[in-house]
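# Report on the structure
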Amino acid sequence: MARLTFLGHAAFRVEGGGLDGLIDPFLTGNSMTPFSPEDFKDVNFIFVTHGHGDHLGDTPAIAKRTGATVVATVEMCDVLKGVKCHPLQIGGAFTFPFGRVKMTPAWHGSGVQGGEGEGMAYGGVAGGFLLEVDGRRIYHAGDTGLTVEMGLLAEDGVDVALLPIGGNYTMDIDDAVRAVRMIKPRVAVPMHYNTFPLIKASPEEFASKASGLAEIRILKPGEILEV
Ligand code: NI
Ligand code: MN
């Protein structure tokens, strides 16, 4: 069994099979989260979909404090100095002690904001993750527009799909509904909405439009979903 905790925005904690992991731990400055980076003491893995501040977030600080291994693209690993990093690349997978992790494509950027130099550091391409945790399959789409590649996930038997619905930078509600139709997950959870004015969206509208395609679970920050 895997246990997912919604941390607000696109951030999740995922536990099971020896994994105490964080996905895109944007906590400092995240108006939607009741958590702070110090709440996570025993994290052993951090999965980073791309370099934008609302995803990379507190990763460097948490990884340095806990010794957690960051899983990200080769380019992101190169930018993240001083942390343990397992480099992956889109379409590649590695089997960790808790299960297999595959990086999936995303139509998005991955510049790393707030670095030392001028402008953004090159963070490679943006991605998502298909995480196998204690036999359960969790797909975190990252920030992305709708991609035809999502259809390939239908063969993977996704238990939970975490999908952005906020529009502007990512899929909006209607494209997220199309994503559910393509991925065919057992459960779909909306994310990446209402944190900023530009990504205002109604998760209830998503739930009603996607009903019948999957079980839709709207999680409040701090709420746990066991799969
Ligand atoms: Ni982004
Ligand atoms: Mn984002």
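Source: prediction; values computed, not measured. (Residues numbered from 1 in each chain as written. Chains lettered and ligands numbered in written order. Predicted model: local features only at pLDDT ≥ 70, side-chain atom pairs only at ≥ 80, totals over all residues. Heavy atoms only, no water.)

Quick look at the state of the cysteines now. What the rule picks out here adds up to one disulfide. The disulfide bridge from cysteine 77 ends at cysteine 85, spanning 2.1 Å between sulfur atoms. Linking cysteine 77 and cysteine 85, the disulfide has an S-S dihedral of approximately -70° and is accordingly described as left-handed. Overall, the relative accessible area of 14% leaves cysteine 77 in the buried class. (Disulfide = S-S within 2.5 Å. Buried < 20%, exposed > 50% of the residue type's maximum accessible area, 1.4 Å probe, protein only.)

Right, let's talk about the sheet that holds strand 5 (residues 69–73) for a bit. Strand pairing within a sheet occurs via backbone hydrogen bonds; the two strands may be parallel or antiparallel. The strand order 6-5-4-3-2-1-14 describes an open sheet built from seven strands, whose pairing is mixed. What marks the edges here is a single partner per strand, and that holds for strand 6 (85–88) and strand 14 (224–226). This sheet shows a mean twist of 20° between the axes of neighbouring strands, independent of strand direction. (Pairing = 2+ DSSP bridges. Helix = DSSP H or I, 4+ residues; strand = E, 2+ residues; numbered from the N terminus. Axes fitted to C-alpha atoms, helices over the stretch in contact; angles between N-to-C directions.)

Right, let's get into the coordination of the manganese ion (ligand 2). At this site the manganese ion (ligand 2) is bound by Asp54 (OD), His55 (NE2), Asp143 (OD) and His192 (NE2), with donor distances of 2.2 Å. Between consecutive donor residues of the manganese ion (ligand 2), the sequence gaps follow D-H-x87-D-x48-H. The distance between the manganese ion (ligand 2) and the nickel ion (ligand 1) comes to 3.3 Å, and aspartate 143 binds to both of them. Remark: histidine 192 occurs in the loop between strand 12 (187–191) and helix 5 (203–210) and histidine 55 occurs in helix 1 (residues 53–56); sequence separation between them is 137 residues. On the accessibility criterion, histidine 55 (0% relative accessible area) is buried. (Donors = N, O, S within 2.8 Å, 3.2 Å for Na, K, Ca; no water.)

This part covers the confidence of the model for the protein chain. Taken as a whole, the protein chain shows an average pLDDT of 96; of its residues, 98% reach a score of 70 or greater. Of all secondary-structure elements in the protein chain, the lowest mean pLDDT belongs to helix 3 (residues 74–79), at 95, while strand 11 (residues 160–164) reaches the highest, 99. (pLDDT = per-residue confidence, 0-100.)

Strand order in this open sheet of seven strands is 7-8-9-10-11-12-13, and the pairing throughout is mixed. The two strands at the open ends of the sheet, each matched to only one other strand, are strand 7 (93–96) and strand 13 (215–216). Here helix 4 (residues 173–183) sits on the sheet and contacts strand 10 (136–140), strand 11 and strand 12; the angle it forms with strand 11, its principal contact strand, is near 155°. (Contact = heavy atoms within 4.5 Å.)

Coordination of the nickel ion (ligand 1) by the protein is provided by His50 (NE2), His52 (ND1), His108 (NE2) and Asp143 (OD), with metal-donor distances spanning 2.2 to 2.3 Å. Seen from the nickel ion (ligand 1), its four donor atoms lie at angles of 90 to 175°, and the figure they make is irregular. Expressed as a motif, the donor residue spacing for the nickel ion (ligand 1) is H-x1-H-x55-H-x34-D. Given a relative accessible area of 0%, histidine 50 falls into the buried group. (Tetrahedral: all angles 85-135°; square planar, octahedral: opposite > 155°, others 65-115°.)

Quick look at helix 5 now. Among the residues of helix 5, those classed as buried are Pro203, Phe206, Ala207 and Ala210. All buried residues of helix 5 lie within an arc of 100° about the axis, which places them on one face of the element. Facing away from the buried side of helix 5, by more than 90 degrees, are the exposed residues Glu204 and Ser208. Those residues of helix 5 hidden inside the fold are in contact with helix 4, strand 12 and strand 13. Looking one or two residues beyond helix 5, the residue adopting positive phi is glycine 212, at roughly 95°. (Arc of directions from axis to C-beta.)

Two elements in contact, helix 4 and helix 5, have axes separated by 10 Å at closest approach and are oriented at 40°. In terms of axis orientation, helix 4 runs oblique to helix 5. You can see that helix 4 and helix 5 cross each other, and the crossing is right-handed. Residues Ile173, Asp174, Ala176, Val177 and Val180 of helix 4 touch helix 5, and the partners they reach there are Glu205, Phe206, Lys209 and Ala210. Its residues assigned to classes, the contact of helix 4 with helix 5 shows six nonpolar, no polar and three charged. (Parallel < 35°, antiparallel > 145°, perpendicular 65-115°, else oblique. Left-handed = near helix turned anticlockwise from the far one by under 90°. Nonpolar A, V, L, I, M, F, W, Y, C, P; charged D, E, K, R; others polar.)

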